[in-house]
Amino acid sequence: ISTIRVEMEMRKAQGDRVLLVTPGNYGQDFLKTYPWVRADHSVKCSNYVGKTLEFAAELGFDAILFVAHLGKFVKVSGGIMNTHSHQADARMEIMTAYAAMAGAGNDILRQIMSSVTTDAGMEILQQCGLLTETMQLILEKIEAHVKKRAGSQIEIGIIIFSNVFGMLGQTENVPNLFKKMNAAQHKEE
């Protein structure tokens, strides 16, 4: 946790106002799909989403852009801010609940609940035509939980993705946050 704060302090000292955060290597790799984004400016938060939000508020960042794999951030849609499996692992339960909200029937819900990975659950959702709607519901709830934890002083942006399915969704302010990051980068050069 102290390493996360030190990295954030470095980003702040180097003038970053928008904090780019990934839970780990998957997010760092996904950032390569955005060639204008400097992945070396990202901070890995590991499982500590809640602590990262607290630190960002304390350090006075204007915004945070999370780029996260669904397998990690589906937990956040359930209000889980420490995503380590020893703290909580309700990935399939949460995905199943949102699939139900999207209209999945009992057989589909049982299949999702029995899945071992979120990618397997997404494959089922794709086959029944409910992947997009389910991911939108999950993204909306992730955004609500993160905003509640961050408070009103920090703008929040979120991108969720899968290594198998690619981009699954993003909050509407992500393009604006990318513009802010890009403008700050050009000032440096």
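Whatever comes next refers back to the structure up there.
So, here's what we can say about the structure.

## What about the packing of aromatic side chains?
Stage number 1. This model, assessed by the stated rule, comprises 6 aromatic pairs.
Stage number 2. A ring pair is formed by F30 and Y34, whose centres lie 6.0 Å apart and whose planes are at 70°; its orientation type is edge-to-face.
Stage number 3. Among the residues examined, Y34 registers a relative accessible area of 11% and is labelled buried.
Stage number 4. The interplanar angle of 5° and the centroid separation of 4.2 Å between the aromatic rings of F30 and F161 together place this pair among those described as stacked. Here F30 is found in helix α2 (residues 25–30), whereas its partner F161 is found in strand β4 (residues 155–162), with 131 residues between them in sequence. Considered together, F30 and F161 belong to a single accessibility category, that of buried residues.
Stage number 5. Members of the aromatic cluster, each reached through a chain of ring pairs, are F30, Y34, W36, F161 and F178.
Stage number 6. Of note, K12 hangs over the ring of F61, and the distance from its end group to the ring centre comes to 5.3 Å.

## Side note on the pairing of strand β5 (residues 166–170)
Regular strands show a simple pattern: their side chains alternate between the two faces of the sheet.
Stage number 1. Summarising the sheet, β4 and β5 pair through 4 bridges and their orientation is antiparallel. Bridging across to β5, I160 finds its partner in G169.
Stage number 2. What sits between β4 and β5 in their antiparallel hairpin is a turn of 3 residues.

## Quick word on the environment of A68
Stage number 1. Relative to the helices and strands, A68 resides in strand β3 (residues 63–69).
Stage number 2. Measuring from C-alpha to C-alpha, the distance between A68 and E93 comes to 19 Å, with 25 residues separating the pair along the chain.
Stage number 3. Dropping the residues within four chain positions of it, A68 is found in contact with P23, F73, I159, I160 and F161.

## Some remarks on the packing of helix α5 (residues 91–101) against helix α8 (residues 131–150)
Stage number 1. Where α5 contacts α8, the axes come no closer than 8 Å and their chain directions differ by 115°. As for the relative orientation of α5 and α8, their crossing is right-handed in sense. Counted together, M95, Y98, A99 and M101 of α5 and T134, M135, L137, I138 and K141 of α8 form the full contact between these two elements.
Stage number 2. Of the residues in the contact of α5 with α8, the class split is 7 nonpolar, 1 polar and 1 charged.

## Notes on the side chain of T134
Stage number 1. With respect to the helices and strands, T134 occurs in helix α8.
Stage number 2. A residue is classified by how much of its surface remains accessible, and T134, at 0% relative accessible area, is buried.
Stage number 3. Beyond its immediate sequence surroundings of up to four residues, T134 is in contact with M95, Y98, A99, A102 and L125.

What counts, and where the lines are drawn
- Residues numbered from 1 in each chain as written.
- Predicted model: local features only at pLDDT ≥ 70, side-chain atom pairs only at ≥ 80, totals over all residues.
- Heavy atoms only, no water.
- Phe/Tyr/Trp six-rings, centres within 6.5 Å; stacked < 30°, edge-to-face > 60°.
- Buried < 20%, exposed > 50% of the residue type's maximum accessible area, 1.4 Å probe, protein only.
- Helix = DSSP H or I, 4+ residues; strand = E, 2+ residues; numbered from the N terminus.
- Lys NZ or Arg CZ within 6 Å of the ring centre and 35° of its normal.
- Pairing = 2+ DSSP bridges.
- Contact = heavy atoms within 4.5 Å.
- Axes fitted to C-alpha atoms, helices over the stretch in contact; angles between N-to-C directions.
- Left-handed = near helix turned anticlockwise from the far one by under 90°.
- Nonpolar A, V, L, I, M, F, W, Y, C, P; charged D, E, K, R; others polar.

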